[in-house]
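# Overview (structure and organization)
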Amino acid sequence: MDELGIYLVQFDRAGYGESDPFPKRSLKSEASDIQELADQLQLGSKFYIIGVSVGSYPTWSCVKDIPHRLAGVALVVPFINYRWPSLPHDLIQDDYRKNLSRWAVWIARHTPGLLHWWMTQKMFPSSSVLDRNPKFFSTKDLEVLKNTPGYQLLSKSKLKDEPIFHSLRKDFIVAFGKWDFDPLTLKNPFGQSQSRLHLWQGYEDKVVPVELQRYVSTRLPWIKYHEVPDGGHLLVYDSDVCEAILRSLLLGDDPPLYKPQFD
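An account of the accompanying structure is given in this report. As the structure is a prediction and not an experimental result, all values here were calculated from the model.

### A closer look at the overall build of the protein
What the protein contains, in helices and strands, is 10 helices and four strands. Ordered by position from N to C terminus, the α and β elements of the protein give α-β-α-β-α-α-α-α-α-α-β-α-β-α. In the protein, buried positions account for 46% of the 263 residues. A sequence separation of at least 24 residues applies to 73% of the contacts in the protein between residues at least 6 apart. Surface accessibility of the protein: about 14,200 Å² in total, with carbon and sulfur atoms responsible for 54%.

### Digging into empty space enclosed by the protein
Tallied over the entire structure, the rule returns one cavity of 30 Å³ or more. Lining the largest cavity are Trp60, Pro78, Phe79, Ile80, Trp84, Leu199, Gln213 and Val216. Per-class residue counts for the lining of the largest cavity are seven nonpolar, one polar and no charged.

### Points about the environment of Lys224
Summarising the element assignment, Lys224 is placed in strand β4 (residues 224-228). Judged by relative accessible area, Lys224 falls into the partly exposed class, the value being 26%. Each C-alpha atom, one on Lys224 and one on Asp254, is 9.0 Å from the other, the two residues being 30 residues apart in sequence.

### Topic: the sheet that holds strand β3 (residues 197-202)
The strand order across the open sheet built from four strands is β1-β2-β3-β4, with neighbouring strands paired in parallel fashion. Two strands close off the open sheet at either side, each with one partner strand: β1 (47-52) and β4. Within this sheet the neighbouring strands show an average axis-to-axis angle of 15 degrees, counted without direction. As paired strands, strand β2 (residues 70-76) and β3 are joined by four bridges and run parallel to one another. Of the residues in β3, the one forming a bridge with Leu75 is Leu199. Running over the sheet, helix α9 (residues 210-219) touches β3 and β4 and is turned about 160 degrees from β4.

### What to know about the side chain of Ser217
With respect to the secondary-structure elements, Ser217 resides in helix α9. A relative accessible area of 9% means that Ser217 is categorised as buried. Among the polar contacts made by the side chain of Ser217, one reaches the main-chain carbonyl oxygen of Arg214 at a distance of 2.7 Å.

What counts, and where the lines are drawn
Within any chain, residue numbers begin from 1 and follow the written order of that chain's sequence. pLDDT decides what is reported in this predicted model: residues at 70 or higher carry local features, side-chain atom pairs at 80 or more are listed and counted, and totals for whole chains, interfaces and linings draw on all residues regardless. By convention in this description, side-chain values take in all heavy atoms of the structure and omit both hydrogens and water. Comment: elements are numbered from the N terminus, with helices defined as DSSP H or I runs of at least four residues and strands as E runs of at least two. Residue exposure (1.4 Å probe, protein chains only): buried if accessible area is under 20% of the type maximum, exposed if over 50%, otherwise partly exposed. Only heavy atoms enter the contact rule, under which two residues are in contact if any of them lie within 4.5 Å. With residues, only the protein chains shown are counted as cover, and all accessible areas are computed by Shrake-Rupley using a 1.4 Å probe. A pocket here means an open set of points on a 1 Å grid, computed over the protein atoms alone, that has protein on both sides within 12 Å along at least five of seven lines. A cavity is instead a set of points where a 1.4 Å probe fits but cannot get out; residues with an atom within 4 Å of a point line either one. Grid points are joined across faces, edges and corners, and a volume is the space filled by probe spheres set on the points. By the convention adopted, Pro, Cys, Tyr, Trp, Phe, Met, Ile, Leu, Val and Ala count as nonpolar, Lys, Arg, Asp and Glu as charged, and the other residues, Gly among them, as polar. Pairing between strands requires that DSSP locate at least two bridges from one strand to the other. Axis definition: a line fitted to C-alpha atoms, limited for helices to the stretch in contact. Angles are taken between N-to-C directions and run from 0 to 180 degrees. Counted as a polar contact is a pair of N or O atoms within 3.5 Å, where, for protein atoms, one must be capable of donating a hydrogen and the other of accepting one, and residues adjacent in sequence contribute only when both atoms are in side chains.

See below:
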């Protein structure tokens, strides 16, 4: 951070922290918020964006709607929306995450009260599927969770706070609902500068399958794809990987250790 003189901005998106909720949030509103924030902070005509996991959906929106403002983009373990039309059926038909996400979106949209009760009740074992569940976290992820607070927003104590719950619910609906564009059909908005958009994926990621990210990288050859051999969904907590993400984004480095090994 010091060597490269990095100025890093993190902000509370709508409905989180001290930011007001925005019930009508959308893909476009996320990109608009980021652009307005950059202007208010006088970050200049162009800036870099790093989107992690579900935070990648506002990032995709920026690539679609404000590419002229982006100096570079890093998508880190970005989630996959199974409703993207260009995803091949044979690649996702047996993926249990597809039905899980569709079911969760339906529940979040139509029975929010039931969902709030289920996520905060104490009668049954942990209702949070991301609560250190080995089905969703790799061995390395579980090691990370021993030393970090993990997903604090998904704790039962936080979810009891209805404004936080409804912000998460609306966020989830936008992220996994129907989009107004298909990222897999995007043309390179950066012209011939291929390395301006980077995608980082862990081979051991159990939340987002590596096979889907590999498909994205082949469908969009203008993306620079990096794969961490022993990385899980929490690979951003690995300081070596985090440094590699920053150096590739800002300097164009391409570390051999993270070059994907697939046909």
